[in-house]
Structures are given as C-alpha cells and as structure tokens.
Amino acid sequence: DITQGVENVLGYAPDDVIGRNVFDDIHPADEKQAKAAFADVVSNPERELNAEFRVRTADGSYRWIEGRGSNHLDDPLIDGVIANIRDISERKEREEELEVPRCAAN
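Just so it is clear, the structure is predicted and the values come from calculations on it, not from any experiment. (Residues numbered from 1 in each chain as written. Predicted model: local features only at pLDDT ≥ 70, side-chain atom pairs only at ≥ 80, totals over all residues. Heavy atoms only, no water.)

(A) Representation of unusual backbone geometry. Positioned with a positive phi, D79 is a non-glycine residue whose angle comes to about 50°. Exposure remark for D79: the relative accessible area of 53% places this residue in the exposed category. (Buried < 20%, exposed > 50% of the residue type's maximum accessible area, 1.4 Å probe, protein only.)

Right under this line is the structure:
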C-alpha cells in the first residue's frame, strides 16, 4: 500500500508507483547500498531497515531520503516489508557544506 508520504516527498501519485520496481528510481551511486539494506531486512526478520539514499522524484530531480522499516513477511495480514520515508535533503546539503571547508583546509 502506498501512502500520502510518497506523494508529498517524491511527487508521485500512488497509482504512478504501484507495480513499479522501487529500485529503478534509486540513484545509481546508492543502488547497491539500498538493495543490500533491503535484502538484509528481508532475510533477517529481526533486523530493522535504516538506510539513506537518493531517489528520483516525479520531476526527475533526486532527493535524499531516509528509509526506515521492518519485515512483516511472516504476518499473513501484511505479508511484506513496511517502510517509511522522510526527506533528509536539507540535512545532507548542510553536511556537505560543512565537509567542504574541512577538506579544503587539509
């Protein structure tokens, strides 16, 4: 089930993403890490998903998101992984700004 958060954060209507492979919209530089985090949660139900990666929005730009979730594949009512996302783009931009002077000073 797709929530309003996907529309608010990424600009996609729920019907736009139903049936799509979510990994198709992950930035190529982050795809391997995102897939590994998801695979870890799927294969280890006690683990929590906690990952940060860039995702392509409906307008074609990329936003940094934090994905948190848990494995409910053993729950017959859910039969899936529940994940919540939030936009952390501003925080990531501030982190990058703080890194630039530190790197330039070295």
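On we go.
(B) The sheet that holds strand β1 (residues 48-56), seen in detail. Within the open sheet, the three strands sit side by side as β1-β2-β3. Their pairing is antiparallel. Bordering the open sheet on either side are β1 and β3 (80-87), each of which pairs with just one other strand. Pairs of neighbouring strands in the sheet enclose a mean axial angle of 30°, with direction left out of account. Where strand β2 (residues 62-72) meets β3, eight bridges bridge the pair, whose relative direction is antiparallel. (Pairing = 2+ DSSP bridges. Helix = DSSP H or I, 4+ residues; strand = E, 2+ residues; numbered from the N terminus. Axes fitted to C-alpha atoms, helices over the stretch in contact; angles between N-to-C directions.)

(C) View of the nonpolar core. Ranked by size, the top nonpolar core spans 15 residues in total, and within it L10, I26, F53, V55 and I65 carry the most contacts. Sorting the residues of this core by element identifies α1 (4-10), α3 (28-43) and β1 as the ones contributing at least two each. Ranked by residue count, the leading element in this core is β1, at four residues. (Core = buried A, V, L, I, M, F, W, Y, C linked by side-chain atoms within 4.5 Å.)

(D) Molecular detail of the packing of aromatic side chains. This model, assessed by the stated rule, comprises one aromatic pair. Aromatic pair F23 and F38: ring centres 5.8 Å apart, planes at 70°, arrangement edge-to-face. With F23 in the loop between α2 (14-17) and α3 and F38 in helix α3, this residue pair connects regions lying 15 residues apart in the sequence. Between the NZ or CZ atom of R20 and the centre of the ring of Y12, over which it lies, the distance is 4.9 Å. One residue, K92, lies across the ring of W64, its end atom 4.4 Å from the ring centre. (Phe/Tyr/Trp six-rings, centres within 6.5 Å; stacked < 30°, edge-to-face > 60°. Lys NZ or Arg CZ within 6 Å of the ring centre and 35° of its normal.)

(E) Here's a closer look at the pairing of β1. Only one face of β1 is covered, namely the face carrying L49, A51, F53 and V55; the face carrying E48, N50, E52, R54 and R56 is uncovered. Where β1 and β2 come together, nine bridges link them in antiparallel fashion. Paired with F53 across the bridge in β2 is I65.

(F) Summary view of a negative patch on the surface. On the surface, a cluster of negative charge is made up of E90, E93, E96 and E97. Mapping E90 onto the fold places it in helix α4 (residues 89-105). Exposure remark for E90: the relative accessible area of 56% places this residue in the exposed category. (Patch = residues over 30% accessible without salt bridge, like charges linked within 9 Å, V, L, I, M, F, W, Y side chains within 5 Å. Areas by Shrake-Rupley, 256 points an atom, 1.4 Å probe, with all protein chains shown as cover. Salt bridge = Lys/Arg side-chain N within 4 Å of Asp/Glu carboxyl O. Lys, Arg positive; Asp, Glu negative; His and termini not counted. Charge placed at Lys NZ, Arg CZ, Asp CG, Glu CD.)

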